[in-house]
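Analysis of the macromolecular model
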Amino acid sequence: METMRASVPQQPGWVALYPASTWLALTARFDVIGPAEPVLAVVGADAELPCHLSPNVSAEHMELRWFRRTRSPAVLLYPAPPERERERELMPEFRGRVTLVRDHLAAGRAALRICGVRAADEGEYRCFFRDNANYDEATVHLRVAALGSDPHITVEIQESGAVRLECSSMGWYPEPQVQWRTTKGETFLSTAESRSPGDKGLFTVAASVTLRDNSTDSVFCSIRNLLLDQEKEVGISIPAPVPLRLNPWMVAVAVILVVLGLLTVGSMVFIWKLYKERSRERKSKFSSKERLLEELKWKKAALHAVNVTLDPDTAHPHLFLYEDAKSVQLEDSRQKLPENPERFDSWPCVLGREAFTQGRHYWEVEVGDRTDWAIGVCRENVRKKGFDPMTSDNGFWAVELYGNGYWALTPLRTPLPLAGPPRRVGVFLDCEAGDISFYSMTDGSHIYTFPSLSFSGPLRPFFCLWSSGKKPLTICPVTERPAGVAVISEAQDLSKDIPLSRVGEDCASGDTDTPRSKLIPAQPSQGLGAE
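Residues numbered from 1 in each chain as written. Predicted model: local features only at pLDDT ≥ 70, side-chain atom pairs only at ≥ 80, totals over all residues. Heavy atoms only, no water.

**Points about the overall build of the protein**
Here is the rule: Only runs of H or I of at least four residues qualify as helices and only runs of E of at least two qualify as strands under DSSP, and these elements are numbered from the N terminus. Here the term buried applies to any residue with accessible area under 20% of the maximum for its type, exposed to any over 50%, and partly exposed to those in between, with areas from a 1.4 Å probe on protein chains only. Note on definitions: a residue-residue contact is assigned when non-hydrogen atoms from the two residues lie within 4.5 Å.
Check the secondary structure of the protein and you find two helices and 30 strands. Sorting the 531 residues of the protein into buried and exposed places 44% on the buried side. Restricting the contact set of the protein to residue pairs at least 6 apart, pairs at least 24 apart contribute 64%.

Structure (C-alpha coordinates):
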(Lines give C-alpha, C1' and ligand atoms only; values in the text may rest on other atoms or scores of the structure.)
Protein backbone atom coordinates (compact mmCIF):
# COMPACT_ATOMS: atom_id res chain seq x y z
CA MET A 1 0.00 0.00 0.00
CA GLU A 2 1.40 3.40 -0.96
CA THR A 3 1.62 5.75 2.02
CA MET A 4 1.68 9.50 2.48
CA ARG A 5 3.16 11.75 5.14
CA ALA A 6 1.46 11.59 8.52
CA SER A 7 1.49 14.29 11.17
CA VAL A 8 2.77 11.97 13.94
CA PRO A 9 5.40 13.46 16.32
CA GLN A 10 8.92 12.13 15.74
CA GLN A 11 12.25 12.23 17.54
CA PRO A 12 15.15 14.62 16.74
CA GLY A 13 17.56 13.35 14.14
CA TRP A 14 14.96 11.37 12.14
CA VAL A 15 14.74 11.83 8.39
CA ALA A 16 12.22 14.49 7.43
CA LEU A 17 10.03 12.19 5.28
CA TYR A 18 7.46 10.21 7.24
CA PRO A 19 5.23 7.24 6.63
CA ALA A 20 1.74 8.27 5.82
CA SER A 21 -1.66 7.93 7.09
CA THR A 22 -3.64 6.29 4.32
CA TRP A 23 -6.83 8.31 4.45
CA LEU A 24 -5.78 10.65 1.60
CA ALA A 25 -3.67 8.17 -0.36
CA LEU A 26 -3.56 9.45 -3.93
CA THR A 27 -1.09 8.89 -6.74
CA ALA A 28 1.15 11.96 -6.35
CA ARG A 29 2.88 13.46 -9.34
CA PHE A 30 5.59 14.89 -7.09
CA ASP A 31 7.29 14.32 -3.74
CA VAL A 32 8.15 16.96 -1.15
CA ILE A 33 11.64 16.51 0.27
CA GLY A 34 13.18 18.20 3.32
CA PRO A 35 16.71 18.11 4.76
CA ALA A 36 17.79 14.80 6.27
CA GLU A 37 19.39 16.54 9.26
CA PRO A 38 17.83 19.06 11.68
CA VAL A 39 18.36 22.77 11.05
CA LEU A 40 20.35 24.42 13.86
CA ALA A 41 19.64 28.06 14.79
CA VAL A 42 20.92 30.37 17.53
CA VAL A 43 18.42 32.26 19.69
CA GLY A 44 17.93 35.80 18.34
CA ALA A 45 19.25 34.95 14.85
CA ASP A 46 17.25 34.05 11.74
CA ALA A 47 16.64 30.47 10.55
CA GLU A 48 15.64 29.09 7.15
CA LEU A 49 13.80 25.75 6.89
CA PRO A 50 14.08 24.51 3.26
CA CYS A 51 12.09 21.97 1.26
CA HIS A 52 11.79 21.21 -2.45
CA LEU A 53 9.79 19.24 -4.99
CA SER A 54 10.99 16.15 -6.79
CA PRO A 55 11.00 16.39 -9.75
CA ASN A 56 11.85 20.09 -9.77
CA VAL A 57 8.59 21.36 -11.19
CA SER A 58 7.43 24.95 -10.73
CA ALA A 59 5.57 25.69 -7.50
CA GLU A 60 4.55 29.26 -8.31
CA HIS A 61 0.92 28.27 -8.95
CA MET A 62 0.70 25.80 -6.02
CA GLU A 63 -0.66 26.18 -2.51
CA LEU A 64 2.16 26.10 0.09
CA ARG A 65 1.41 25.68 3.77
CA TRP A 66 3.93 25.59 6.63
CA PHE A 67 2.41 24.24 9.87
CA ARG A 68 3.33 22.44 13.07
CA ARG A 69 1.04 19.82 14.65
CA THR A 70 -2.15 20.70 12.79
CA ARG A 71 -2.66 22.28 9.39
CA SER A 72 -4.80 25.05 10.78
CA PRO A 73 -3.91 27.50 12.12
CA ALA A 74 -0.70 27.53 10.07
CA VAL A 75 2.73 29.14 10.52
CA LEU A 76 2.67 30.57 6.96
CA LEU A 77 0.37 30.31 3.92
CA TYR A 78 1.14 30.96 0.25
CA PRO A 79 -0.70 32.65 -1.32
CA ALA A 80 -1.30 34.79 1.76
CA PRO A 81 -4.88 34.73 3.12
CA PRO A 82 -7.05 37.88 3.03
CA GLU A 83 -6.51 40.37 5.85
CA ARG A 84 -9.83 39.51 7.52
CA GLU A 85 -8.91 35.79 7.72
CA ARG A 86 -5.31 36.08 8.94
CA GLU A 87 -6.19 36.09 12.62
CA ARG A 88 -8.03 32.77 12.22
CA GLU A 89 -5.71 31.11 9.70
CA LEU A 90 -2.25 32.00 11.15
CA MET A 91 -0.65 31.15 14.51
CA PRO A 92 -0.38 34.35 16.59
CA GLU A 93 3.14 33.59 17.89
CA PHE A 94 4.54 33.69 14.33
CA ARG A 95 2.75 36.76 12.95
CA GLY A 96 5.24 39.31 11.70
CA ARG A 97 8.17 36.91 12.30
CA VAL A 98 7.99 34.61 9.27
CA THR A 99 8.47 35.13 5.56
CA LEU A 100 8.61 32.84 2.53
CA VAL A 101 11.92 32.64 0.64
CA ARG A 102 10.46 32.36 -2.84
CA ASP A 103 13.46 33.16 -5.07
CA HIS A 104 13.47 29.63 -6.49
CA LEU A 105 9.77 28.75 -6.53
CA ALA A 106 9.96 28.27 -10.30
CA ALA A 107 12.44 25.44 -9.63
CA GLY A 108 10.24 23.90 -6.96
CA ARG A 109 12.28 25.19 -4.00
CA ALA A 110 11.00 27.17 -1.03
CA ALA A 111 12.09 27.97 2.51
CA LEU A 112 10.43 29.28 5.65
CA ARG A 113 12.44 32.10 7.23
CA ILE A 114 11.89 32.67 10.97
CA CYS A 115 13.22 36.00 12.22
CA GLY A 116 14.51 36.33 15.76
CA VAL A 117 14.41 32.63 16.68
CA ARG A 118 13.09 31.84 20.17
CA ALA A 119 13.55 28.76 22.34
CA ALA A 120 9.83 27.97 21.91
CA ASP A 121 10.34 27.73 18.12
CA GLU A 122 12.23 24.44 18.47
CA GLY A 123 10.48 21.35 17.11
CA GLU A 124 9.01 19.92 13.94
CA TYR A 125 7.64 21.94 11.01
CA ARG A 126 5.77 20.50 8.03
CA CYS A 127 6.10 21.78 4.48
CA PHE A 128 2.92 21.01 2.49
CA PHE A 129 2.56 21.53 -1.29
CA ARG A 130 -0.80 21.17 -3.06
CA ASP A 131 -1.57 21.31 -6.76
CA ASN A 132 -5.28 20.62 -7.31
CA ALA A 133 -5.76 16.95 -6.28
CA ASN A 134 -2.03 16.24 -5.87
CA TYR A 135 -0.27 17.05 -2.62
CA ASP A 136 2.55 15.89 -0.38
CA GLU A 137 4.42 17.08 2.67
CA ALA A 138 7.82 16.73 4.39
CA THR A 139 9.04 17.41 7.90
CA VAL A 140 11.90 19.70 8.92
CA HIS A 141 13.23 19.63 12.48
CA LEU A 142 14.48 22.91 13.96
CA ARG A 143 17.01 22.73 16.79
CA VAL A 144 17.55 25.91 18.83
CA ALA A 145 20.62 26.77 20.88
CA ALA A 146 21.83 29.69 22.98
CA LEU A 147 25.21 30.44 24.57
CA GLY A 148 24.69 31.95 28.00
CA SER A 149 26.49 34.65 29.95
CA ASP A 150 30.01 34.36 31.37
CA PRO A 151 30.01 32.20 34.52
CA HIS A 152 30.38 33.86 37.93
CA ILE A 153 31.81 32.14 41.04
CA THR A 154 30.97 33.13 44.62
CA VAL A 155 33.05 31.92 47.60
CA GLU A 156 31.83 31.03 51.10
CA ILE A 157 34.25 29.93 53.85
CA GLN A 158 32.42 27.75 56.38
CA GLU A 159 33.17 27.52 60.11
CA SER A 160 34.62 24.04 59.63
CA GLY A 161 37.24 25.52 57.32
CA ALA A 162 35.70 24.04 54.18
CA VAL A 163 35.24 26.30 51.14
CA ARG A 164 31.93 26.32 49.30
CA LEU A 165 31.96 27.57 45.69
CA GLU A 166 28.89 28.34 43.56
CA CYS A 167 29.10 28.87 39.79
CA SER A 168 26.16 30.53 38.07
CA SER A 169 25.23 31.72 34.58
CA MET A 170 22.04 32.52 32.62
CA GLY A 171 20.68 32.49 29.07
CA TRP A 172 21.50 28.88 28.01
CA TYR A 173 19.54 26.60 25.70
CA PRO A 174 19.21 23.67 25.84
CA GLU A 175 20.26 22.77 29.39
CA PRO A 176 24.07 23.07 29.57
CA GLN A 177 26.66 20.78 31.18
CA VAL A 178 28.63 22.06 34.19
CA GLN A 179 32.09 20.76 35.09
CA TRP A 180 34.60 21.66 37.78
CA ARG A 181 38.36 21.09 37.35
CA THR A 182 41.68 21.92 38.97
CA THR A 183 44.76 23.46 37.39
CA LYS A 184 46.11 19.90 36.99
CA GLY A 185 43.13 18.93 34.84
CA GLU A 186 41.44 16.82 37.51
CA THR A 187 37.63 16.98 37.30
CA PHE A 188 35.04 16.50 40.04
CA LEU A 189 31.27 16.57 40.29
CA SER A 190 29.09 19.30 41.75
CA THR A 191 27.54 18.60 45.14
CA ALA A 192 24.35 20.45 44.06
CA GLU A 193 23.00 21.73 40.73
CA SER A 194 19.87 23.60 39.62
CA ARG A 195 18.63 24.44 36.13
CA SER A 196 15.51 26.55 35.74
CA PRO A 197 13.97 28.03 32.56
CA GLY A 198 13.11 31.74 32.53
CA ASP A 199 10.24 33.62 30.85
CA LYS A 200 11.82 33.18 27.41
CA GLY A 201 12.59 29.48 27.94
CA LEU A 202 16.33 30.06 28.46
CA PHE A 203 17.99 28.25 31.34
CA THR A 204 19.73 29.70 34.38
CA VAL A 205 22.19 27.22 35.88
CA ALA A 206 23.78 27.19 39.32
CA ALA A 207 26.23 24.51 40.53
CA SER A 208 28.00 24.36 43.88
CA VAL A 209 30.88 22.32 45.28
CA THR A 210 32.42 22.11 48.78
CA LEU A 211 36.21 21.74 49.05
CA ARG A 212 37.66 20.24 52.22
CA ASP A 213 41.12 19.54 50.77
CA ASN A 214 43.46 22.47 51.43
CA SER A 215 45.89 21.33 48.74
CA THR A 216 43.78 22.83 45.93
CA ASP A 217 44.86 26.39 45.16
CA SER A 218 42.72 27.18 42.05
CA VAL A 219 39.45 25.86 40.63
CA PHE A 220 37.82 26.39 37.22
CA CYS A 221 34.10 26.22 36.40
CA SER A 222 33.24 25.30 32.80
CA ILE A 223 29.69 25.50 31.32
CA ARG A 224 29.29 23.83 27.91
CA ASN A 225 26.51 23.90 25.30
CA LEU A 226 26.71 20.39 23.84
CA LEU A 227 24.60 21.30 20.80
CA LEU A 228 26.92 24.15 19.76
CA ASP A 229 30.02 22.38 21.16
CA GLN A 230 31.05 25.67 22.80
CA GLU A 231 31.79 26.50 26.41
CA LYS A 232 32.49 29.39 28.77
CA GLU A 233 34.90 29.05 31.67
CA VAL A 234 35.96 31.05 34.71
CA GLY A 235 38.62 30.34 37.35
CA ILE A 236 39.20 31.42 40.97
CA SER A 237 41.97 31.11 43.55
CA ILE A 238 41.06 29.36 46.79
CA PRO A 239 41.91 31.43 49.92
CA ALA A 240 44.07 29.81 52.61
CA PRO A 241 42.00 28.35 55.48
CA VAL A 242 41.88 30.17 58.82
CA PRO A 243 42.42 27.91 61.88
CA LEU A 244 39.25 27.61 63.95
CA ARG A 245 39.59 27.90 67.73
CA LEU A 246 36.69 26.69 69.84
CA ASN A 247 36.16 27.79 73.45
CA PRO A 248 34.26 25.51 75.88
CA TRP A 249 31.30 27.89 76.05
CA MET A 250 31.04 27.83 72.25
CA VAL A 251 30.84 24.04 72.33
CA ALA A 252 28.09 24.15 75.00
CA VAL A 253 26.05 26.68 73.03
CA ALA A 254 26.44 24.56 69.87
CA VAL A 255 25.21 21.41 71.69
CA ILE A 256 22.18 23.26 73.09
CA LEU A 257 21.31 24.66 69.66
CA VAL A 258 21.59 21.21 68.09
CA VAL A 259 19.26 19.68 70.71
CA LEU A 260 16.72 22.49 70.30
CA GLY A 261 16.92 22.14 66.56
CA LEU A 262 16.28 18.39 66.73
CA LEU A 263 13.26 18.93 69.01
CA THR A 264 11.88 21.60 66.68
CA VAL A 265 12.37 19.42 63.61
CA GLY A 266 10.75 16.44 65.36
CA SER A 267 7.71 18.52 66.31
CA MET A 268 7.36 19.87 62.79
CA VAL A 269 7.62 16.37 61.29
CA PHE A 270 4.93 15.07 63.67
CA ILE A 271 2.56 17.96 62.87
CA TRP A 272 3.19 17.57 59.14
CA LYS A 273 2.46 13.82 59.22
CA LEU A 274 -0.75 14.46 61.16
CA TYR A 275 -1.81 17.11 58.65
CA LYS A 276 -1.05 14.86 55.66
CA GLU A 277 -2.98 11.96 57.19
CA ARG A 278 -6.09 14.08 57.75
CA SER A 279 -5.73 15.59 54.28
CA ARG A 280 -5.62 12.10 52.73
CA GLU A 281 -8.74 11.11 54.67
CA ARG A 282 -10.65 14.17 53.41
CA LYS A 283 -9.42 13.64 49.85
CA SER A 284 -10.38 9.95 49.94
CA LYS A 285 -13.91 10.79 51.09
CA PHE A 286 -14.26 13.48 48.41
CA SER A 287 -12.88 11.20 45.65
CA SER A 288 -15.24 8.38 46.62
CA LYS A 289 -18.25 10.70 46.46
CA GLU A 290 -17.07 12.19 43.16
CA ARG A 291 -16.62 8.71 41.63
CA LEU A 292 -20.10 7.71 42.74
CA LEU A 293 -21.57 10.85 41.18
CA GLU A 294 -19.85 10.16 37.85
CA GLU A 295 -20.93 6.49 37.95
CA LEU A 296 -24.51 7.58 38.67
CA LYS A 297 -24.42 10.06 35.77
CA TRP A 298 -23.35 7.56 33.08
CA LYS A 299 -25.68 4.87 34.42
CA LYS A 300 -28.54 7.36 34.12
CA ALA A 301 -27.32 8.12 30.60
CA ALA A 302 -27.60 4.41 29.75
CA LEU A 303 -31.39 4.65 30.25
CA HIS A 304 -31.56 6.83 27.10
CA ALA A 305 -29.83 4.37 24.75
CA VAL A 306 -30.64 4.83 21.06
CA ASN A 307 -29.95 2.72 18.00
CA VAL A 308 -27.39 4.63 15.86
CA THR A 309 -26.54 3.64 12.28
CA LEU A 310 -24.13 5.10 9.73
CA ASP A 311 -25.28 7.28 6.83
CA PRO A 312 -23.45 6.19 3.62
CA ASP A 313 -24.45 9.41 1.81
CA THR A 314 -22.07 11.36 4.10
CA ALA A 315 -19.11 8.92 4.10
CA HIS A 316 -15.75 9.98 2.67
CA PRO A 317 -14.81 7.91 -0.45
CA HIS A 318 -12.00 6.17 1.47
CA LEU A 319 -14.46 4.92 4.13
CA PHE A 320 -16.14 1.52 3.61
CA LEU A 321 -19.32 0.66 5.51
CA TYR A 322 -20.41 -2.86 6.40
CA GLU A 323 -23.76 -4.56 5.80
CA ASP A 324 -25.40 -3.59 9.07
CA ALA A 325 -24.34 0.09 8.71
CA LYS A 326 -22.77 -0.27 12.17
CA SER A 327 -19.07 -0.65 11.24
CA VAL A 328 -16.72 1.48 9.16
CA GLN A 329 -13.17 0.91 7.90
CA LEU A 330 -10.63 3.25 6.27
CA GLU A 331 -8.80 1.77 3.28
CA ASP A 332 -6.30 3.00 0.72
CA SER A 333 -8.61 2.34 -2.25
CA ARG A 334 -10.94 5.19 -3.19
CA GLN A 335 -14.54 4.46 -4.19
CA LYS A 336 -16.05 6.13 -7.27
CA LEU A 337 -19.18 7.70 -5.86
CA PRO A 338 -21.63 10.26 -7.26
CA GLU A 339 -21.14 13.84 -6.11
CA ASN A 340 -23.19 14.57 -2.99
CA PRO A 341 -23.23 17.92 -1.14
CA GLU A 342 -23.58 16.02 2.15
CA ARG A 343 -20.47 13.87 1.60
CA PHE A 344 -17.13 14.67 3.30
CA ASP A 345 -14.49 15.16 0.59
CA SER A 346 -11.39 16.02 2.63
CA TRP A 347 -11.65 14.80 6.25
CA PRO A 348 -12.24 10.98 6.43
CA CYS A 349 -15.54 11.25 8.32
CA VAL A 350 -19.07 9.85 8.31
CA LEU A 351 -22.27 10.88 10.18
CA GLY A 352 -25.01 8.82 11.77
CA ARG A 353 -28.42 8.67 10.09
CA GLU A 354 -30.21 9.83 13.25
CA ALA A 355 -30.75 13.55 13.90
CA PHE A 356 -31.55 14.85 17.41
CA THR A 357 -33.15 18.17 18.34
CA GLN A 358 -34.39 17.48 21.87
CA GLY A 359 -34.30 14.92 24.67
CA ARG A 360 -31.44 12.73 25.91
CA HIS A 361 -29.62 10.16 23.79
CA TYR A 362 -26.83 7.65 24.54
CA TRP A 363 -24.77 5.25 22.39
CA GLU A 364 -21.47 3.37 22.61
CA VAL A 365 -18.66 2.91 20.09
CA GLU A 366 -16.12 0.06 20.11
CA VAL A 367 -12.66 1.53 19.32
CA GLY A 368 -10.68 -1.52 20.47
CA ASP A 369 -6.93 -1.15 20.04
CA ARG A 370 -7.13 1.31 17.12
CA THR A 371 -4.44 3.97 17.29
CA ASP A 372 -6.32 7.04 15.97
CA TRP A 373 -9.98 8.06 15.79
CA ALA A 374 -12.45 10.84 16.61
CA ILE A 375 -15.96 10.31 18.03
CA GLY A 376 -18.71 12.71 19.05
CA VAL A 377 -21.56 14.89 17.82
CA CYS A 378 -21.77 17.63 15.19
CA ARG A 379 -24.35 19.99 13.72
CA GLU A 380 -26.14 18.56 10.71
CA ASN A 381 -25.13 21.55 8.58
CA VAL A 382 -21.37 21.54 9.32
CA ARG A 383 -19.13 22.27 6.37
CA LYS A 384 -18.23 18.95 4.75
CA LYS A 385 -16.01 20.27 1.97
CA GLY A 386 -12.44 21.41 2.54
CA PHE A 387 -10.18 21.41 5.60
CA ASP A 388 -12.03 23.60 8.11
CA PRO A 389 -10.76 22.74 11.64
CA MET A 390 -12.94 20.24 13.49
CA THR A 391 -13.52 22.23 16.71
CA SER A 392 -16.47 23.12 18.91
CA ASP A 393 -16.48 26.63 17.37
CA ASN A 394 -17.23 25.03 13.97
CA GLY A 395 -19.99 22.73 15.29
CA PHE A 396 -17.95 19.61 16.22
CA TRP A 397 -18.04 18.34 19.82
CA ALA A 398 -15.81 15.28 19.94
CA VAL A 399 -12.84 13.55 21.57
CA GLU A 400 -10.00 11.93 19.65
CA LEU A 401 -6.98 9.63 19.95
CA TYR A 402 -4.18 11.16 17.87
CA GLY A 403 -0.39 11.00 18.10
CA ASN A 404 -0.42 8.70 21.18
CA GLY A 405 -2.51 11.23 23.10
CA TYR A 406 -6.18 11.80 23.88
CA TRP A 407 -7.66 15.26 23.15
CA ALA A 408 -10.93 17.16 23.32
CA LEU A 409 -11.60 19.09 20.08
CA THR A 410 -11.81 22.52 21.69
CA PRO A 411 -10.50 25.57 19.75
CA LEU A 412 -7.12 24.96 21.44
CA ARG A 413 -6.86 21.16 21.80
CA THR A 414 -7.45 20.10 25.45
CA PRO A 415 -5.26 17.12 26.55
CA LEU A 416 -7.13 14.33 28.38
CA PRO A 417 -5.02 12.52 31.03
CA LEU A 418 -6.78 9.13 31.04
CA ALA A 419 -5.87 6.33 33.47
CA GLY A 420 -5.84 3.79 30.62
CA PRO A 421 -6.87 3.42 26.97
CA PRO A 422 -10.65 2.97 26.60
CA ARG A 423 -11.64 0.10 24.30
CA ARG A 424 -15.26 1.30 24.22
CA VAL A 425 -16.47 4.91 24.49
CA GLY A 426 -19.95 5.99 25.61
CA VAL A 427 -21.46 9.23 24.21
CA PHE A 428 -24.30 10.99 26.09
CA LEU A 429 -26.08 13.91 24.39
CA ASP A 430 -28.33 15.85 26.78
CA CYS A 431 -30.20 18.44 24.72
CA GLU A 432 -32.20 19.52 27.77
CA ALA A 433 -29.13 20.37 29.89
CA GLY A 434 -27.06 21.54 26.89
CA ASP A 435 -24.02 19.29 27.35
CA ILE A 436 -22.23 16.35 25.69
CA SER A 437 -20.34 13.84 27.86
CA PHE A 438 -17.95 10.97 27.07
CA TYR A 439 -17.24 7.90 29.22
CA SER A 440 -14.72 5.05 29.13
CA MET A 441 -16.73 1.85 29.32
CA THR A 442 -13.53 -0.05 30.18
CA ASP A 443 -13.79 1.17 33.79
CA GLY A 444 -16.88 3.45 33.74
CA SER A 445 -14.76 6.59 34.23
CA HIS A 446 -15.63 10.06 32.93
CA ILE A 447 -13.50 11.26 29.98
CA TYR A 448 -14.72 14.81 29.19
CA THR A 449 -17.84 17.02 29.09
CA PHE A 450 -18.61 19.95 26.78
CA PRO A 451 -20.82 22.01 29.16
CA SER A 452 -23.36 24.83 28.76
CA LEU A 453 -23.83 24.47 25.00
CA SER A 454 -26.41 26.29 22.90
CA PHE A 455 -27.58 23.98 20.13
CA SER A 456 -29.13 25.37 16.96
CA GLY A 457 -30.56 22.89 14.48
CA PRO A 458 -30.39 19.08 14.42
CA LEU A 459 -27.37 17.23 15.83
CA ARG A 460 -25.99 13.97 14.42
CA PRO A 461 -23.51 11.34 15.63
CA PHE A 462 -20.02 11.89 14.20
CA PHE A 463 -17.19 9.41 13.46
CA CYS A 464 -13.71 9.88 11.96
CA LEU A 465 -10.73 7.58 11.22
CA TRP A 466 -7.22 8.92 10.61
CA SER A 467 -5.62 5.67 9.37
CA SER A 468 -6.48 2.12 8.39
CA GLY A 469 -6.37 -0.68 10.96
CA LYS A 470 -6.92 -4.41 11.33
CA LYS A 471 -10.39 -3.89 12.81
CA PRO A 472 -13.17 -1.43 11.95
CA LEU A 473 -14.77 1.18 14.18
CA THR A 474 -18.10 -0.28 15.37
CA ILE A 475 -21.28 1.12 16.94
CA CYS A 476 -22.33 -1.24 19.72
CA PRO A 477 -25.83 -2.81 19.59
CA VAL A 478 -28.46 -1.71 22.10
CA THR A 479 -29.54 -4.48 24.49
CA GLU A 480 -33.03 -4.67 25.92
CA ARG A 481 -33.36 -2.79 29.20
CA PRO A 482 -33.97 -5.13 32.25
CA ALA A 483 -37.49 -5.05 33.71
CA GLY A 484 -36.68 -3.72 37.18
CA VAL A 485 -34.26 -0.89 36.38
CA ALA A 486 -34.13 1.62 39.22
CA VAL A 487 -33.15 5.27 38.76
CA ILE A 488 -31.67 6.87 41.86
CA SER A 489 -32.13 10.59 42.43
CA GLU A 490 -29.28 12.81 43.57
CA ALA A 491 -30.97 13.19 46.94
CA GLN A 492 -30.69 9.43 47.63
CA ASP A 493 -27.71 7.71 49.26
CA LEU A 494 -24.94 7.58 46.66
CA SER A 495 -23.18 4.75 48.46
CA LYS A 496 -25.92 2.20 47.58
CA ASP A 497 -25.54 -0.09 44.58
CA ILE A 498 -27.39 0.89 41.42
CA PRO A 499 -29.04 -2.18 39.76
CA LEU A 500 -28.36 -1.13 36.18
CA SER A 501 -26.73 -3.14 33.39
CA ARG A 502 -24.59 -1.75 30.53
CA VAL A 503 -26.21 -0.57 27.34
CA GLY A 504 -24.05 -2.39 24.77
CA GLU A 505 -22.96 -5.98 24.49
CA ASP A 506 -19.42 -6.83 23.35
CA CYS A 507 -19.17 -5.70 19.74
CA ALA A 508 -18.33 -8.51 17.38
CA SER A 509 -16.12 -6.47 15.10
CA GLY A 510 -13.96 -5.41 18.02
CA ASP A 511 -13.13 -9.01 18.98
CA THR A 512 -12.55 -10.72 15.65
CA ASP A 513 -10.04 -10.36 12.86
CA THR A 514 -12.60 -11.27 10.15
CA PRO A 515 -15.01 -8.36 9.51
CA ARG A 516 -18.39 -8.77 7.92
CA SER A 517 -18.78 -8.24 4.16
CA LYS A 518 -18.82 -4.64 2.96
CA LEU A 519 -21.92 -2.87 1.79
CA ILE A 520 -21.58 -2.30 -1.97
CA PRO A 521 -25.05 -1.25 -3.25
CA ALA A 522 -25.97 0.15 -6.63
CA GLN A 523 -27.61 3.34 -5.30
CA PRO A 524 -25.82 5.76 -2.95
CA SER A 525 -29.01 6.28 -0.94
CA GLN A 526 -28.68 2.62 0.16
CA GLY A 527 -24.99 2.76 1.07
CA LEU A 528 -21.52 3.13 -0.38
CA GLY A 529 -20.45 1.24 -3.47
CA ALA A 530 -17.91 1.23 -6.23
CA GLU A 531 -18.97 2.15 -9.66
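**What about unusual backbone geometry?**
Look at the link from Ser 72 to Pro 73: it is a cis peptide, with omega at 0°. Mapped onto the elements, Pro 73 comes out in the loop between strand E4 (63–67) and strand E5 (76–78). Following Tyr 173, the chain continues to Pro 174 via a peptide bond in cis, the omega torsion being -10°. Structurally, the position occupied by Pro 174 is in the loop between strand E11 (163–172) and strand E12 (177–182). At Asp 229, a position not held by glycine, the phi torsion is positive, near 55°. Within the secondary structure, Asp 229 is located in the loop between strand E16 (218–225) and strand E17 (230–237). One non-glycine residue, Ala 325, lies in the positive phi region at around 55°. Positionally, Ala 325 belongs in the loop between strand E18 (319–321) and strand E19 (327–330). By relative accessible area, which is 10% here, Ala 325 ends up buried.

**A short note on the environment of Pro 197**
Within the secondary structure, Pro 197 is located in strand E14 (residues 192–197). Taking relative accessible area as the criterion, Pro 197 reaches 53% and is therefore assigned exposed. Once you skip the residues sitting within four places of it in the chain, Pro 197 turns out to touch Leu 202 and Phe 203.

**Regarding the environment of Val 117**
The topology assignment puts Val 117 in the loop between strand E7 (109–114) and strand E8 (123–131). Given a relative accessible area of 2%, Val 117 falls into the buried group. Considering only alpha carbons, one finds Val 117 and Val 98, 19 residues apart in sequence, at a separation of 10.0 Å. If we skip the residues at most four places from it in the chain, Val 117 touches Ala 41, Val 42, Val 43, Gly 44, Ala 45, Asp 46, Ala 47, Arg 97 and Val 144.

**Some details on the environment of His 141**
Position of His 141 relative to the elements: it lies in strand E9 (residues 134–145). Distance from His 141 to Tyr 125, taken between C-alpha atoms, is 6.2 Å for residues 16 residues apart in sequence.

**Structural notes on the pattern of salt bridges**
The test is simple: By definition here, a salt bridge exists when the distance from a side-chain nitrogen of Lys or Arg to a carboxyl oxygen of Asp or Glu is within 4 Å.
Tallied over the entire structure, the rule returns 24 salt bridges. Taking the shortest distance from any N to any O, the salt bridge between Arg 164 and Glu 156 comes out at 3.9 Å. Taking relative accessible area as the criterion, Arg 164 reaches 25% and is therefore assigned partly exposed. A salt bridge links Glu 193 to Arg 195; its shortest N-O distance comes to 2.8 Å. In this structure Glu 193 comes out as partly exposed when scored by relative accessible area, which is 38%.

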